[in-house]
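One letter stands for each residue in the lines below.
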Amino acid sequence: MFLRNSVGIKGITLTQALAVNDLSKAYDSFQALAPVTFGLNSSEITILSGPNGSGKTTLLSCISGLIRPTTGTVSVAGFDLYRDEVEVRRRMVFIPDVPRFYLELTAWEHLRFVAMANNAMENFDQRAEKLFRKWSLWEARNLFPHHFSRGMRLKLGLLLALIRPFEVLLLDEPTSALDTESVELMTEELRALRRNGTTILLSSHDTNLIEQLGDRYMFIHGGIVEGA
Amino acid sequence: MHAVNLIRSRQEERELDYWLSIVAFERQDRSLLNRLYLLYLFIFFAIWVFVMLTFFASGGALILQLASPFHPSLVVVSVELSLLGVWSIYGLWQACRRSPVVFSEADEVLICHTPVDRRLVTSRWFIMPWLKSAVAFWVIAVILGFSLAEISIPGVMGIDRIHEYAVYGLKPWLAILPYQFGLFAFQWAVGIFRLQKGRDKRWLGWIVIPLATFFFVSLFVLSLPALSESFIRLRDVADLISSPLQAGFTGGNLVSTIVASAVFGLISFGLMILTSGSFSLSRAAQETREVEALATAAKYGITSYAEEIHTRRRLGVTRAPSRLPALLGSGSLIWKDLLQARRTLRLNLILNWFSLFFLSVGISLLPDTGNLILAVAFWVIQAGSLSVVRLRNDLSLWPLARQMPISHERFLMADLLPTFAILVLISLAGMLTGSIIATPPRPDLYLVIPGLAASIAGISAYDVIQRSRSNLLLVGSTPNVSARGILLGFLIAFVIVFAAVVIQGVPGLFLSVLLSLGIAWFVFGLAARSLINI
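This structure is a prediction, so every number in the text was calculated from the model and none was measured. (Residues numbered from 1 in each chain as written. Chains lettered and ligands numbered in written order. Predicted model: local features only at pLDDT ≥ 70, side-chain atom pairs only at ≥ 80, totals over all residues.)

Draft legend 1. Inspection of the domain arrangement of chain B at higher detail. If you check the domain split of chain B, you get domain 1 (3-299) and domain 2 (332-532). For domain 1 of chain B versus domain 2 of chain B, the distance between C-alpha centres works out to 46 Å. (Domains from an automatic or database assignment.)

Draft legend 2. Quick look at the nonpolar core. Residues and elements named next belong to chain B. The biggest cluster of nonpolar side chains holds 128 residues, and the ones touching the most others in it are Ala461 and Ile496. The greatest single-element share of this core, amounting to 13 residues, is contributed by helix 19 (residues 443-466). When neighbours within four sequence positions are excluded, isoleucine 496 is seen to be in contact with Val448, Gly451, Leu452, Ser455, Ser512, Leu515, Ser516 and Ile519. The next biggest cluster of nonpolar side chains, apart from the first, holds 54 residues, and it includes Leu84, Cys96, Val101 and Phe137. (Core = buried A, V, L, I, M, F, W, Y, C linked by C-beta atoms within 7 Å. Buried ≥ 20, exposed ≤ 12 C-beta atoms within 10 Å, placed from the backbone. Helix = DSSP H or I, 4+ residues; strand = E, 2+ residues; numbered from the N terminus. Contact = placed C-beta atoms within 7 Å.)

Draft legend 3. The arrangement of helix 21 (residues 483-502) of chain B in detail. All names here are of chain B. Under the 1.5 Å per step criterion, the end-to-end length of helix 21 is 27 Å for 20 residues, consistent within 8% with the ideal 28 Å. Within helix 21 the residues assigned to the buried category are Gly485, Leu488, Gly489, Ile492, Ala493, Ile496, Val497, Ala499 and Ala500. Each buried residue of helix 21 sits inside an arc of 155° when the element is viewed along its axis, so together they form one side. Helix 21 presents Ala483, Arg484 and Val502 as exposed residues on the side facing more than 90 degrees away from its buried surface. (Expected span 1.5 Å × (residues − 1). Arc of directions from axis to C-beta.)

Draft legend 4. Quick look at the sheet that holds strand 9 (residues 216-221) of chain A. Residue and element names in this part refer to chain A. Strands sit in the order 6-7-8-3-9-10 across an open sheet of six strands; the sheet is mixed. Edge positions in the open sheet fall to strand 6 (92-95) and strand 10 (224-226), since each of these has one partner strand only. This sheet shows a mean twist of 15° between the axes of neighbouring strands, independent of strand direction. Inspection of the sheet shows strand 7 (residues 168-172) paired to strand 8 (residues 199-203) by five bridges, in the parallel sense. The partner of aspartate 172 across the bridge, within strand 8, is serine 203. (Pairing = 2+ DSSP bridges. Axes fitted to C-alpha atoms, helices over the stretch in contact; angles between N-to-C directions.)

Draft legend 5. Expanded view of the pairing of strand 9 of chain A. All names here are of chain A. Burial along strand 9 is one-sided: Arg216, Met218 and Ile220 are buried, and none of Tyr217, Phe219 and His221, which face the opposite way, are. Sheet topology places strand 3 (residues 44-49) next to strand 9; four bridges connect them, and they run parallel. For isoleucine 47, the partnering residue across the bridge sits in strand 9 and is tyrosine 217. With three bridges joining them, strand 9 and strand 10 adopt antiparallel strand pairing. Opposite phenylalanine 219, over in strand 10, you have glutamate 226 as the bridge partner. Connecting the antiparallel pair strand 9 and strand 10 is a turn made up of two residues, with glycine 222 showing a positive phi of about 60°.

Draft legend 6. Highlighting the interface of chain B and chain A. The interface of chain B with chain A comprises 37 residues on the first partner and 31 residues on the second. When residues of the side of chain B that touches chain A are traced back to their parent elements, those giving at least two are helix 12 (303-315), helix 13 (331-343), helix 17 (398-402) and helix 20 (470-473) of chain B. Here the side of chain B that touches chain A takes six residues from helix 13 of chain B, the largest share from any one element.

Draft legend 7. Spatial organisation of the packing of helix 21 of chain B against helix 22 (residues 505-532) of chain B. Residue and element names in this part refer to chain B. At their nearest, the axes of helix 21 and helix 22 sit 7 Å apart, and the two run at 160° to each other. One element, helix 21, and the other, helix 22, form an angle in the roughly antiparallel class. Regarding helix 21 and helix 22, the two cross each other, and that crossing is left-handed. In this structure, helix 21 contributes Ile492, Val495, Ile496, Ala499 and Ala500 to the contact, and helix 22 contributes Gly508, Leu511, Ser512, Leu515, Ser516 and Ile519. Taken together, the residues that form the contact of helix 21 with helix 22 break down as eight nonpolar, three polar and no charged. (Parallel < 35°, antiparallel > 145°, perpendicular 65-115°, else oblique. Left-handed = near helix turned anticlockwise from the far one by under 90°. Nonpolar A, V, L, I, M, F, W, Y, C, P; charged D, E, K, R; others polar.)

Draft legend 8. Examining the sheet that holds strand 5 (residues 79-80) of chain A more closely. All names here are of chain A. An order of 2-1-4-5 is seen for the four strands of this open sheet, with the pairing classed as antiparallel. Whereas interior strands pair on both sides, the edge strands pair on one side only; in this sheet they are strand 2 (30-40) and strand 5. Note: strand 1 (residues 18-27) against strand 2, seven bridges, orientation antiparallel. Paired with valine 20 across the two strands is phenylalanine 38, which belongs to strand 2.

Draft legend 9. Region of the structure containing the packing of helix 15 (residues 369-387) of chain B against helix 19 of chain B. All names here are of chain B. Following both chains from N to C, one finds helix 15 and helix 19 inclined at 60°, their axes separated by 8 Å at the closest point. On the basis of their axis angle, the class for helix 15 and helix 19 is oblique. In this structure, helix 15 meets helix 19 at a crossing whose hand is right-handed. Every residue of helix 19 that contacts helix 15 at Val380, Ala383, Gly384 and Ser387 is listed here: Ala453, Ile456, Ala457, Ser460 and Ala461. Of the residues that constitute the contact of helix 15 with helix 19, the class distribution is six nonpolar, three polar and no charged.

Draft legend 10. Molecular detail of the pairing of strand 7 of chain A. All names here are of chain A. For strand 7, the tally of buried residues reaches five of five residues, placing the bulk of the element in the interior. Taking every second residue as pointing to the same face, both faces of strand 7 are buried, with Val168, Leu170 and Asp172 on one and Leu169 and Leu171 on the other. As paired strands, strand 6 and strand 7 are joined by four bridges and run parallel to one another. Note on strand 7: the bridge partner recorded for methionine 92 is valine 168. In this fold, the crossover linking strand 7 to strand 8 by way of helix 6 (residues 180-195) has right-handed handedness. (Right-handed = clockwise from strand over helix to strand, strands pointing away.)

Set out below in structure tokens:
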């Protein structure tokens, strides 16, 4: 199953949607992520799997720039994560497995805030309403997210991404806290995004999701990525 | 060992370790040197506590002589009685709205959801809170006893007469010990009774509180000689109830009153054990786990967590969408800040800004350099800490903050600018107020304020960002301004104010303004570069 359609070091081209080169992370003497190089194309879903504590979140955090890698570079559509950070931020979005939110802003206001920051205010009210209704959060739109369940937080995290434009989507265990109906919805959403040309890298233990969505697979164990 | 005992003794050991760690004592270290250190600590603190108690007692003696030159012991009894009364009423009020037995989240899982004997749990949980509540009363009793000794013992107090002095402190302590124990056990009995069999008897407060208030107020009124003469029989009752305290302070039959107090204490404790049989531990845990978490957070200095809990309580569950007009790009951060500021405006924040205002008034009023330096130093600390509140908040939500398509400079500017504007306005208002009150206007100082405030905000932001670690930010942990940040702030303020004050006239003014703006620009650049490298 793994290594299907894998792209090696020589396979990286400048036009690739996401290019990761020699990326590694060490905490003192502990190597959390061994150097890894890979590239992902547009309209492609890559699934990263591996046991708990294998380094999936570390890899996604390093790619998204939430954690500074010890070595290596990340580029999105040819823009370097640290040199052209604003350009990369316009194109790439990461949804953590347990999103955290501002205490003082309601779910609706979080969406508004992200849309304003990304200059994506065109038809905001209609788009936001459509998203809230689709993901069954409409009734909870004026609630403060710290009252949300984990599944609702995950959905709100996804909504914060969907309200703005992006080309690369990183998701950390996106279905871990979702009910069956929401998993279906998530699968459909990811398929639709792929059709629209989005590059998706997600980590998951969900075998159904892995089989239904994966175009490429990467396996990580002890910080070493296989199939890259 | 029974599981309940094991868990509780571990908690008590941890509590003990916490207090011992303050005096750098390692309980695990069994070496001779460490034991000698413990002996040294014991002797040192025994002497220190005695000296402190006598110090407060000499002040207390002065007040007692002023309050009642002929019957100081009556005043002492009234004071102790009033304190016990107010504390008991408050304790009963608390017990009627929240369980007196406090459980943590871990206790809830390990104890409250298991079929352990409820009596064992409450009796085992009783000791530590009782000791904590008793210490204050013991200290006050001993101080008041020593105060009476200062008044009563004639002549110069020497080391040979120290036992006489000590007896004056020991007697009230012995008298109050079982009395306060009984009152505390009674508060617990009421609280436990309220949560018996899982039914919350909220109505209990409406009976217990008025009764307790009536009881203590009557007791206090009747203990006053002038009023009690017309209620001779009631006075006897009042005397009986306050007799342990009177015996402790005025020299009645101490042994019999201690025995009577001990009987009262045992009855209260027995009542508590009796009511504990069907005490709902789960309900108690529901009511108290947040209190326990808050107390632990406060004890270990995790103020941000305590702040978060307060904010959550204050915000409630839902809110209608804000009507603030949209601001695009980095303006969205200002939009969010305005919303946050409006929803979290609390008295302590207003007081912080007020203190900054009064410090600014002081800076323009203080004539001597020493006090001026002190006022500027406090201004720097306060301004630095207030400047980075929003930045720290944004950093604590690292995945949201990091993913904004905004350059580091704009991000930092948007986070610091609103607070900087308020900082400048309040400081200038303070200084102008100072000049209206007494001193002539100081345009040289007014002109350096914007640059100075920007420099302090910049260096504080740099300090916070430089000490931030991405793996900690991901779990919401943001550092505060460190001692290094404060020291750098002092240095910057010193250089700018020195240039403004020492070099007179237009050149000094020009140099200090230029210097302040230059430093502000430099530290802002440093902070922005550090932000990239988190």
